[in-house]
Amino acid sequence: MTMAASILGGMAAQRARILPPAPDPSADVIDLSSEFPSGSTSPALRESAIDAVEQHLCDHYTRRPGIAPLCRAVAASMSAAGVPLDETLVTICGGVAEARYVAVRALAAGQRVYLPLPAPAVYQAGLEFAGANVTTFDAGGDLPDAQGGLLIVSNPNPVTGQVVAPATLERLAAWADAADLAIIADESVGPVRPEAPFVRFASLPGMAERTLTIGSFAEVPGLGAWHVSWIAGAKRVFTPVRDLKQSITICTAAASQYAALAAASEVDEGEIAAEVAERQEAILSLLDRHKVPYLAPDTVAFVVVQVAESSRLAAACHAAGVIIGDGALLGNPGTVRIAVPSGSLADALEALDAALHDVKGR
Amino acid sequence: MSKHHAPGQIVTPDELRAVAADGTKLRYALMELAGQIPDAITLGRGDPDLNTPEHVIAAARAAILDGRADLPVPVAGLPALREAVAENLRRDNGIPVQRDDILITDGGQEALYLLMQTLLDPGDEILVPDPRYTSYDEAIHQAGARMVLVPTYPEDNFDLRAAEVEAAITPKTKAILIISPSNPTSAVVSRANLTAIAEIARRHNLIVISDEIYEKYVYAPAEQISVAGLPGMFERTVTLGGFSKTYAMTGWRVGYVAAPADFIAALTAVKAATTGPLSAVSQYAALAAATGPQDVVAEYREIYRRRIELMKHGLADLGFSFGEPQGAFFVYTNAASSGIPAFELSYLLLREGHVLIFPGTAFGEKWVDWLRISVLQPEDQLALALERMAGVLARHR
């Protein structure tokens, strides 16, 4: 719908004009455009969140970095993954969109930014607003000449669902060290398949002191709508990002933090991955039946389908009642991304089936 | 004074002074210091001590229990909440808004940030009343714009004078920021000045940003007027509001922006690409607040009014003057009679009296004799704070 421009609308800043409109799914479509699995939170998690709400623990601002036990849980998780951290180097953010934005906006300001291909569009606003100069490159090919700047490593990549091979990470780490790069390791996509060779970038030799890691609790089915993620890392890269987050939203919604705390202490990541993987298999089987190629997934959260006319498939899906992610808009042309549904799995499969028939039948 | 504090903690005057140029950092440094004093009475932050109303708690519980909290909501906000906010603004503020004219945000602070990024281009100027809530500064700075301060004066209770606004306008001016009731002064902009500022905005083709986060806490005879409700002003006015102060819900982080739909669409695009949607559970809590019984607001208003009266009398007994607070829950007081600059005085009050009060320099460089006192403690605690302040002043005057 085209609206007549109001005085205010006509005076919007230039930076606001470059961004695509926000998606606004109506209630009668199944939204599979996310990069996180949908689903329901567990009764135990709900009970913990309700306890916190009823005890009025969620009424007031929390500590700006986040509730202490949640920061400690993140720090412990990082330490267990080979990145020793104390809780003062952790800040709880709203959803992963916020964590990515504050990280990129704070660390990319005026910098040369190196972004391996395919480059997810999720960093666009942060890069544009920061006035960064972006160099994209193939991480498997020749690495750019660099001296200072910022490297963003998306692992798993939110537009392929694939992890970066450990050998490639090690090569990037050696390069980053030699070129004195700061690093954002966006490791928020998940759950990761147990067999996937996932390695935290900050755990590589010399990387802890120059890496900011982004993580998310959205990999717990149903917790995506609670919008809670985290940033953690060495003081040099952590402090400006933490300060920006706090200047934008002060602290993260308390109820979400308590839900995340319950997830951190009560949820078994392996069980989640196995449960979501079953639903992912149903989508992969459907694609196999239609002989539609897809990228071998390292995360169970979504499936990335290789299709030349991605926009046409996205439109056909929309017509059939399902919204999927068009790779042309996400930063990976020639693909679509389909999140793994939960309660709507059967309906989603039926709609996808119809859309694939429609597109392939033409 | 202990030298054995954890890295990053600030305990000495010199360490405080190192961050004093940044009002926001100064306030948080003082809060951090107060956090180390077990019996500190905190009259600093604008975080209501009252509880979120029980019907709001019940609504959040229900949304968690029945699984609605697990379902994604659109970036612009839960449609029912946008509708409820629009209805309240039409009814209470006379602002001609519909659902599509509302964006739900992660508190009022995020609303400000998104707004500055969406409205201001590098080099633009925005007029901001002085003293100010300095968290505006970073949002404006991030947009590459320039803040131009408009003076206000205690003689007229820090009203925003239309003539001062007009005098600050240059060819680069794009917007006028109005905060009424004001943080830190608790001033409410008078109808005469507001009407005149609206006329100035139209004449100079400027946008008005009206921060009305404290709108429900206005004390008669002052009256709350929304600029966007004045004739012809909606199309050039952005109204900011929220649930944090009105319903004692700072931890839920729910604010909103009201403006013409096409601008809200641009703002929503920026939100989608920067901070993303607000959590569903917080939005269901806010929906209950917006649509449920409003008696609690009147009850809270009366509590704050009584506390302000108590604080005013206590400050007068200490020999401090102030502009008459007309709204919000702050008293902005001139402590020059103490003979101690406000920065040092606030430090002494905290270290010796265990009372946290923010110095005026946390709200603007020139307010060296002023203190902002929030009354977000029970009356017995306020009385005790005044006693402690008297003790400190007696030792140092």
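All of these numbers come straight from a predicted model, not from anything done at the bench.

About the criteria used
- Residues numbered from 1 in each chain as written.
- Chains lettered and ligands numbered in written order.
- Predicted model: local features only at pLDDT ≥ 70, side-chain atom pairs only at ≥ 80, totals over all residues.
- Heavy atoms only, no water.
- 1 Å grid on protein atoms, 1.4 Å probe; cavity = no way out; pocket = protein on both sides within 12 Å on 5 of 7 lines; lining within 4 Å.
- Points joined across faces, edges and corners; volume = space filled by probe spheres on them.
- Helix = DSSP H or I, 4+ residues; strand = E, 2+ residues; numbered from the N terminus.
- Nonpolar A, V, L, I, M, F, W, Y, C, P; charged D, E, K, R; others polar.
- Phe/Tyr/Trp six-rings, centres within 6.5 Å; stacked < 30°, edge-to-face > 60°.
- Lys NZ or Arg CZ within 6 Å of the ring centre and 35° of its normal.
- Domains from an automatic or database assignment.
- Contact = heavy atoms within 4.5 Å.
- Buried area = accessible area lost by both parts, 1.4 Å probe.
- Salt bridge = Lys/Arg side-chain N within 4 Å of Asp/Glu carboxyl O.
- Expected span 1.5 Å × (residues − 1).
- Buried < 20%, exposed > 50% of the residue type's maximum accessible area, 1.4 Å probe, protein only.
- Arc of directions from axis to C-beta.
- Polar contact = N/O pair within 3.5 Å; in protein donor to acceptor, adjacent residues only side chain to side chain.
- Axes fitted to C-alpha atoms, helices over the stretch in contact; angles between N-to-C directions.
- Parallel < 35°, antiparallel > 145°, perpendicular 65-115°, else oblique.
- Left-handed = near helix turned anticlockwise from the far one by under 90°.
- Core = buried A, V, L, I, M, F, W, Y, C linked by side-chain atoms within 4.5 Å.
- pLDDT = per-residue confidence, 0-100.

Participant: Mind showing me how you'd approach empty space enclosed by the protein here?
Facilitator: Empty space left among the atoms is revealed by rolling a probe the size of a water molecule over them. For the structure shown, the criterion picks out five cavities of 30 Å³ or more. Put simply, the largest cavity is a space of about 390 Å³. Forming the boundary of the largest cavity are 26 residues, of which Tyr-61 of chain A together with Gln-109, Tyr-133, Tyr-214 and Lys-245 of chain B lie nearest the centre. Mapped by element, the contributors of at least two residues to the lining of the largest cavity are α2 (23-35), α5 (107-119) and α6 (135-142) of chain B. Looking at which element gives the most residues to the lining of the largest cavity, the answer is α5 of chain B, with four residues. Residue composition of the lining of the largest cavity, grouped by class: 13 nonpolar, seven polar and six charged. Forming the walls of the second largest cavity are 15 residues, and the residues nearest its centre are Asn-88, Glu-215, Lys-216, Tyr-247 and Tyr-256 of chain B. Here the lining of the second largest cavity is composed, by residue class, of six nonpolar, five polar and four charged.

Participant: Explain the packing of aromatic side chains here, please?
Facilitator: Pairs of aromatic rings are described using the distance from one ring centre to the other and the angle between the two planes. Applying the stated rule across the entire model yields 20 aromatic pairs over all chains. Through successive ring pairs, a cluster of aromatic residues spans Tyr-214, Tyr-217, Tyr-304, Phe-329 and Phe-330 of chain B. Of note, Arg-337 of chain A hangs over the ring of Phe-302 of chain A, and the distance from its end group to the ring centre comes to 5.5 Å. Taking the ring centre of Tyr-61 of chain A as reference, the NZ or CZ of Arg-45 of chain B above it sits at 4.0 Å.

Participant: Sorry, what's going on with the domain arrangement of chain A here?
Facilitator: Accessible area lost when the parts come together is the quantity often used to give the size of an interface. Residues and elements named next belong to chain A. Entries for chain A in the domain assignment read domain 1 (24-41 + 269-361) and domain 2 (43-266). The C-alpha-based centres of domain 1 and domain 2 are spaced at 25 Å. Each partner contributes to the interface: domain 1 provides 30 residues, whereas domain 2 provides 32 residues. Between domain 1 and domain 2, roughly 2,400 Å² of surface is buried when both sides are summed, and carbon and sulfur atoms account for 56% of that area. Of all residues in domain 1, Phe-36, Thr-41 and Asp-298 bury the most surface against domain 2, accounting for 32% of the area lost on that side. Joining domain 1 to domain 2, the criterion identifies two salt bridges.

Participant: So what exactly am I meant to see when it comes to the environment of Ala-108 of chain A here?
Facilitator: Summarising the element assignment, Ala-108 of chain A is placed in the loop between α5 (96-107) and β3 (112-116). Dropping the residues within four chain positions of it, Ala-108 of chain A is found in contact with Ala-103, Val-113, Leu-127, Ala-130, Ala-132 and Leu-150 of chain A.

Participant: Looking at this structure, how should I read helix α3 (residues 54-65) of chain B?
Facilitator: Every α-helical turn comprises 3.6 residues, leaving residues that sit three or four positions apart pointing alike. Residues and elements named next belong to chain B. Here α3 spans 16 Å end to end across twelve residues, near enough to the 16 Å set by a 1.5 Å rise per residue. What α3 keeps buried is the set Val-56, Ile-57, Ala-59, Ala-60, Ala-63 and Ile-64. Projected down its long axis, α3 shows its buried positions confined to an angular sector of 160°, all on one face. In the stretch just after α3, Gly-67 is the one whose phi turns positive, near 90°.

Participant: How do you make sense of the interface of chain A and chain B when you look at a structure like this?
Facilitator: With 57 residues of chain A at the contact, the number on the chain B side is 73 residues. Regarding the contact of chain A and chain B, the summed buried area is about 5,300 Å², with carbon and sulfur atoms giving 60% of it. When the area that chain A buries against chain B is broken down by residue, the three leading residues are Leu-8, Met-11 and Tyr-61 of chain A, summing to 14%. The tally of links between chain A and chain B comes to two salt bridges. We note a salt bridge from Arg-61 of chain B to Glu-54 of chain A, for which the minimum N-O separation is 2.6 Å. Across the contact surface, chain A and chain B share 33 residue pairs in polar contact (both at pLDDT 80 or more). Where the side of chain A that touches chain B is concerned, the elements lending two or more residues are α1 (7-10), α2 (14-17), α3 (43-54), α5, α6 (124-130), α8 (235-249) and α9 (254-266) of chain A. Top contributing element to the side of chain A that touches chain B by residue count: α8 of chain A, with six residues. Classifying every residue of the side of chain A that touches chain B gives 32 nonpolar, 16 polar and nine charged.

Participant: Mind showing me how you'd approach the packing of helix α4 (residues 68-80) of chain A against α9 of chain A here?
Facilitator: Helix-helix packing is characterised by the crossing angle of the two axes and by the distance between the axes. Residue and element names in this part refer to chain A. The geometry of α4 relative to α9 is characterised by a closest axis approach of 9 Å and an angle of 40° between their N-to-C directions. Accordingly, the angle class assigned to the pair α4 and α9 is oblique. When you trace α4 past α9, the crossing you get is left-handed. Touching Pro-69, Leu-70 and Ala-73 of α4 are Gln-257, Ala-260, Leu-261 and Ala-264, all from α9. Classifying every residue of the contact of α4 with α9 gives six nonpolar, one polar and no charged.

Participant: For this particular structure, what's the right way to read the nonpolar core?
Facilitator: Considering soluble globular proteins, one finds that nonpolar side chains tend to be buried as a cluster. Ile-324 of chain A together with Phe-243 and Trp-252 of chain B are the most contacted members of the largest nonpolar core, which totals 211 residues. Sequence-distant contacts of Ile-324 of chain A, that is, excluding residues within four places in its chain, are made with Leu-32, Ser-33, Leu-313, Ala-314, Cys-317, Val-336, Arg-337, Ile-338 and Leu-352 of chain A.

Participant: Just checking my understanding: could you explain the confidence of the model for chain B for this structure?
Facilitator: The predicted coordinates should not be examined in detail at positions where pLDDT is low. Of the residues in chain B, 97% have a pLDDT of 70 or more, and the chain-wide mean is 95. Across residues 1-8 of chain B, where pLDDT falls below 50, the model places ten contacts with residues more than four positions away in sequence or in other chains.

Participant: Mind showing me how you'd approach helix α12 (residues 342-351) of chain B here?
Facilitator: All names here are of chain B. Within α12, eight of the ten residues are buried, which leaves it mostly tucked inside the rest of the structure. Looking at α12, one finds that the buried residues are Ala-342, Phe-343, Leu-345, Ser-346, Tyr-347, Leu-348, Leu-349 and Leu-350. Next to the buried residues of α12 lie α1 (13-19), α2, β11 (355-356), β12 (358-359), β13 (370-374) and α13 (379-396).

Participant: Where do I start with the domain arrangement of chain B in this structure?
Facilitator: Residues and elements named next belong to chain B. As assigned here, chain B comprises domain 1 (13-50 + 296-396) and domain 2 (54-291). Between the C-alpha centres of domain 1 and domain 2 there is a distance of 26 Å. Across the boundary between the two partners, domain 1 contributes 31 residues, which contact 31 residues of domain 2. Summed over both sides, the interface of domain 1 with domain 2 buries roughly 2,600 Å², with 57% coming from carbon and sulfur. Where domain 1 meets domain 2, there are two salt bridges. One salt bridge in this structure joins Arg-132 and Glu-365, with 3.6 Å as the shortest N-O distance. Here domain 1 and domain 2 share 18 residue pairs in polar contact (both at pLDDT 80 or more) between them. Of all the secondary-structure elements, those providing two or more residues to the side of domain 1 that touches domain 2 are α2, α11 (295-317), β10 (330-334) and β13. Among the elements that take part in the side of domain 1 that touches domain 2, α11 stands out by supplying seven residues, more than any other. In terms of residue class, the side of domain 1 that touches domain 2 is built from 16 nonpolar, seven polar and eight charged.

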